[in-house]
Amino acid sequence: VVEAVGEGVSEVRPGDRVAYASEKPRAYSQATVMPVTRLVKLPDFIDDETAAAVILKGLTAQYLIRGAHSVSAGETILIQAAAGGVGLIMCQWARHLGARVIGTVSTAEKAELAKADGCEHPIIYTQEDVVARVADALLESTQARAAQGLRAGAERPTETRVPTPSSQVRVA
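With that settled, the discussion passes to the overall build of the protein chain. Secondary structure assignment for the protein chain yields 5 helices and 6 strands. The order of α-helices and β-strands along the protein chain, N terminus first, is β-β-α-β-α-β-α-β-α-α-β. In the protein chain, which comprises 172 residues, the share counted as buried stands at 27%. For the protein chain, the exposed area adds up to about 11,200 Å²; of that, 54% sits on carbon and sulfur atoms.

It is worth spelling out the packing of helix α1 (residues 48-68) against helix α2 (residues 85-96) at this point. The contact between α1 and α2 brings their axes to 9 Å, and the two run at 50°. As the angle between them shows, α1 and α2 are arranged oblique. Judged by the sense of rotation from one axis to the other, the crossing of α1 with α2 is right-handed. Between α1, through Lys57, Gly58, Thr60, Ala61, Gln62, Leu64, Ile65 and Arg66, and α2, the contact on the second element is made entirely by Gly85, Val86, Ile89, Met90, Trp93 and Ala94.

Our next topic: unusual backbone geometry. Of note in this structure, Ala81 is not a glycine but carries a positive phi near 55°. You can see Ala81 is positioned in the loop between β3 (76-79) and α2. With relative accessibility at 49%, the residue Ala81 sits in the partly exposed group.

What follows covers the nonpolar core. Within the largest apolar cluster, 18 residues are counted, with the highest numbers of intra-cluster contacts made by Ile65, Ile77, Ile79, Val101 and Val105. Taken together, the elements giving at least two residues each to this core come down to α1, β3, α2, β4 (100-105) and α3 (108-116). Residue contributions to this core peak at 3 residues, all from α2. Judged by nonpolar contacts, the second largest core, of 6 residues, contains Ile123, Val134, Ala137 and Leu138.

A word on the pattern of salt bridges. One pass over the structure, following the stated rule, counts 4 salt bridges. Among the ionic pairs, Asp48 bridges to Arg17, the shortest N-O distance being 2.9 Å. Taken together, the residues span a long stretch of sequence, with Asp48 in helix α1 and Arg17 in the segment before β1 (18-20) at a distance of 31 residues. Residue classification places Asp48 among the exposed residues on the basis of a relative accessible area of 53%. The shortest N-O distance in the salt bridge between Arg133 and Glu128 comes to 2.3 Å. Arg133 gets classed as partly exposed once you look at its relative accessible area, which sits at 24%.

Conventions we followed
Residues numbered from 1 in each chain as written. Predicted model: local features only at pLDDT ≥ 70, side-chain atom pairs only at ≥ 80, totals over all residues. Heavy atoms only, no water. Helix = DSSP H or I, 4+ residues; strand = E, 2+ residues; numbered from the N terminus. Buried < 20%, exposed > 50% of the residue type's maximum accessible area, 1.4 Å probe, protein only. Areas by Shrake-Rupley, 256 points an atom, 1.4 Å probe, with all protein chains shown as cover. Axes fitted to C-alpha atoms, helices over the stretch in contact; angles between N-to-C directions. Parallel < 35°, antiparallel > 145°, perpendicular 65-115°, else oblique. Left-handed = near helix turned anticlockwise from the far one by under 90°. Contact = heavy atoms within 4.5 Å. Core = buried A, V, L, I, M, F, W, Y, C linked by side-chain atoms within 4.5 Å. Salt bridge = Lys/Arg side-chain N within 4 Å of Asp/Glu carboxyl O.

In structure tokens, the structure reads:
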């Protein structure tokens, strides 16, 4: 909870609930002075426990989707543990950006959860051949793109090359 603000700070007020990410540990302090740029104002509908759990997962997803590689529309990405905390955020975010999402999960229930959150191709790694399913998903998306190109009046290619998973999948 914000106790006081410095001169010129308008983003938060005393009494506001915030979460933060810091370059140095501060969790064991009773109070700390923090740059406003490190704060995330918490809406009333998010309780303290949820905020504490979600902030690190969200920052991890942000790093993977925007920092390690900037995911963009039309790309296909593979998300391991797609039904986990970070995985679900990544599925939603990647789909929002227009990426095709392939994800691995351990159970059918988790496959449904991942699918509901944007994973186009959930793969149950305990029951399916992951490499074969990834290849199938890539082939399907490649064929869909080729069909879209043909519908748009593009010339039919003289040779169709099915990309290998390593040339088309971004691993997160």
